[in-house]
Amino acid sequence: MNPLRYLLAPWWALQLATDAKSFRDNPLIGSRRLNAWGLHVKRVALADRMEAWRWRRMERLVAREHREAFARDGYVKIENFLDADAFAALRDQVMAYPGAAREMVQGDTITRRYALDPETLHALPAARALVRDPRWQGLIRYVGSFDTEPLAYIQSILTHRYDAPPDPQTKLHVDTFHPTVKAWLFLTNVAPDEGPLTYVTGSHRRDAARLAWEKKRSLEARDGSDFLSGRGSLRIDESELAALGLPQPTAFAVPGNTLVVCDTSGFHARGPAVRPSTRVEIWAYGRRNPFLPWTGFDLTGWPGLAERRVPIHWAFRDRFRRWVGQPWADAGRKRPADG
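Residues numbered from 1 in each chain as written. Predicted model: local features only at pLDDT ≥ 70, side-chain atom pairs only at ≥ 80, totals over all residues. Heavy atoms only, no water.

### So, the overall build of the protein
Applied cut-off: In this description a helix means any DSSP run of H or I spanning at least four residues, a strand means any run of E spanning at least two, and both kinds are numbered starting from the N terminus. Any two residues whose heavy atoms approach within 4.5 Å at even a single point are treated as in contact. Only the protein chains shown count as cover for residues, with accessible areas throughout obtained via the Shrake-Rupley method and a probe of 1.4 Å. Asp and Glu are treated as the negative residues and Lys and Arg as the positive ones, with His and the ends of the chain left uncounted. Every charge is mapped onto a representative atom, which is NZ of Lys, CZ of Arg, CG of Asp or CD of Glu.
Across its full length, the protein carries twelve helices and eleven strands. Along the first, second and third principal axes, the C-alpha set of the protein runs to 55 × 45 × 45 Å. At a minimum sequence separation of 6, the contacts of the protein that also span at least 24 residues come to 84%. Counting only carbon and sulfur atoms, one obtains 57% of the accessible surface of the protein, whose full area is about 16,000 Å². Positive and negative charge centroids in the protein, built from 50 and 39 side chains respectively, lie 6 Å apart.

Okay, structure coming up:
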């Protein structure tokens, strides 16, 4: 190791108190010795306790039945989330919208996103109404355990668009070591063989079996062959689930107007698609430092700035792509379901 790298040791140590997750990029997080002593599992367990503390303070945001479903399953699923007229307006406006798209290619699949920024929200009043809906806001904030504004997009998943290896998102994985939230309001019907979201029910809980699995993987991830596991998004084979007392994944083959909000520190994946398919949804995401001892106070979530965060982030990465990379390519203006 280059001796100059040790100058970064204070920074690596500070990252232990943040959401930093990469076993490859931080030698402390990836240390086999420290993880054998329990560093990784202690971060997991502490983050879990902090999240539970925040959840108790945010119960007012969601109905009791949804809190109970989330505690049991790790997700909340609501069919017919919007009334029929509101959903039809949202679907029709989004599907016809020729917005400024960004795309990322992973394997044979394209993920296309449109920021719900001021321009888009002005053009799509039904989307503006959705992201201001207290039920939408409450569920996402509660599951994410922070009473702050989530990031929101129009998202399209276009499968089998390239002759390439399979999409890596079809492998069961966790997003990170601590509870975090993603939400999907599906605008199109999702068939069981056209890349549905899948989730392992109950896999958000950190019981003894899960913590033992986390410890084992923390000893292997830094030097393993799976790049994404090394970056902190641990992968798991379906054959391993039974040993953890977990069922096989549930596939969300659902009609349009179904909302799914889940903790993506549970095992989840994009299900396999047997043919080219297109899935369109309103997608939201929230992840903050899991060790923060409060539920609110996010300067970037203030009105006027919150809806501009995504284009600012994309512009920053465009400008400094040489140093920070930019996986989201400018795809011009197109409609969400365009091929």
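### A few points about helix H5 (residues 84-95)
Turn by turn, an α-helix covers 3.6 residues, leaving residues three or four places apart pointing in a common direction. To be explicit about the condition: How far a helix is expected to stretch is found by multiplying one less than its residue total by 1.5 Å. The cut-offs for exposure are 20% and 50% of the maximum accessible area for each residue type, with area from a 1.4 Å probe on protein chains only; residues under the lower value are buried, those over the upper are exposed, and the others partly exposed. Think of it as the arc spanned by the lines of direction from the helix axis to the C-beta atoms. A 3.5 Å cut-off defines polar contacts: any pair of N or O atoms within that distance qualifies, except that in protein one atom must be a possible hydrogen donor and the other a possible acceptor, and neighbouring residues in sequence count only when both atoms are side-chain atoms.
Here H5 is twelve residues long and its end C-alpha atoms lie 16 Å apart, about the 16 Å a rise of 1.5 Å per residue gives. Taken together, the buried positions of H5 are occupied by Phe 87, Leu 90 and Val 94. The arc that holds every buried residue of H5, seen down its axis, measures 65°, which confines them to one face. Every exposed residue of H5 that faces more than 90 degrees away from the buried side is listed here: Ala 84 and Asp 85. Looking at the buried positions of H5, the neighbouring elements they touch are helix H7 (125-132), strand S4 (151-158), strand S5 (181-186) and strand S10 (278-286). Its side-chain oxygen at 3.1 Å from the backbone nitrogen of Asp 85, Asp 83 defines the N-terminal cap of H5.

### So, a nonpolar patch on the surface
In plain terms, the rule: Patch construction takes residues with relative accessible area above 30% that form no salt bridge. Like charges are linked within 9 Å, and nonpolar side chains (Val, Leu, Ile, Met, Phe, Trp, Tyr) are linked within 5 Å. What counts as a salt bridge is simple: a side-chain nitrogen of Lys or Arg found within 4 Å of a carboxyl oxygen of Asp or Glu.
Taken together, the side chains of Trp 294, Phe 297, Leu 299 and Trp 302 define a hydrophobic patch exposed on the protein surface, amounting to about 490 Å² of accessible area. Position of Trp 302 relative to the elements: it lies in the loop between S10 and helix H11 (309-319). You can call Trp 302 exposed: its relative accessible area is 53%.

### Concerning the layout of surface pockets
The condition that has to hold: Both cavities and pockets are sets of points on a 1 Å grid over the protein atoms alone; in a cavity a 1.4 Å probe fits but cannot get out, in a pocket the set is open with protein on both sides within 12 Å along at least five of seven lines, and lining residues sit with an atom within 4 Å of a point. Grid points are joined across faces, edges and corners, and a volume is the space filled by probe spheres set on the points. The nonpolar class holds Ala, Val, Leu, Ile, Met, Phe, Trp, Tyr, Cys and Pro. Asp, Glu, Lys and Arg form the charged class, and all remaining residues, Gly among them, are polar.
Its volume calculated, the second largest pocket comes out at about 360 Å³. Together, 20 residues line the second largest pocket, and Leu 116, Leu 121, Val 131, Glu 149 and Glu 307 are the ones closest to its centre. Every element with two or more residues in the lining of the second largest pocket is listed here: helix H6 (118-123), H7, S4 and H11. For the lining of the second largest pocket, the leading source of residues is H7, giving three residues. Split into classes, the residues belonging to the lining of the second largest pocket amount to twelve nonpolar, three polar and five charged.

### Digging into H11
What H11 keeps buried is the set Arg 309, Val 310 and Trp 314. All buried residues of H11 lie within an arc of 130° about the axis, which places them on one face of the element. On its buried face, H11 sits against strand S2 (99-106), strand S3 (109-115) and S4.

### Regarding the pattern of salt bridges
Here the structure, examined in full by the defined rule, presents 27 salt bridges. Between Arg 275 and Asp 193 there is a salt bridge, with its nearest N and O atoms 3.0 Å apart. Of this pair, Arg 275 sits in the loop between strand S9 (268-270) and S10 while Asp 193 sits in the loop between S5 and strand S6 (197-199), and the two are 82 residues apart along the sequence. Given a relative accessible area of 35%, Arg 275 falls into the partly exposed group. Here the residues in one salt-bridge network are Arg 60, Arg 141, Asp 147 and Glu 149, joined through shared partners.

### Things to note about the side chain of Lys 182
Mapped onto the secondary structure, Lys 182 falls in strand S5. Side-chain polar atoms of Lys 182 contact the side chain of Asp 175, separated by 2.9 Å. Not counting the four nearest positions on each side in its chain, Lys 182 is found in contact with Asp 175, Val 260, Val 261, Cys 262, Thr 264, Trp 283, Ala 284 and Tyr 285.

These results come straight from atomic positions and should not be treated as a statement about function.
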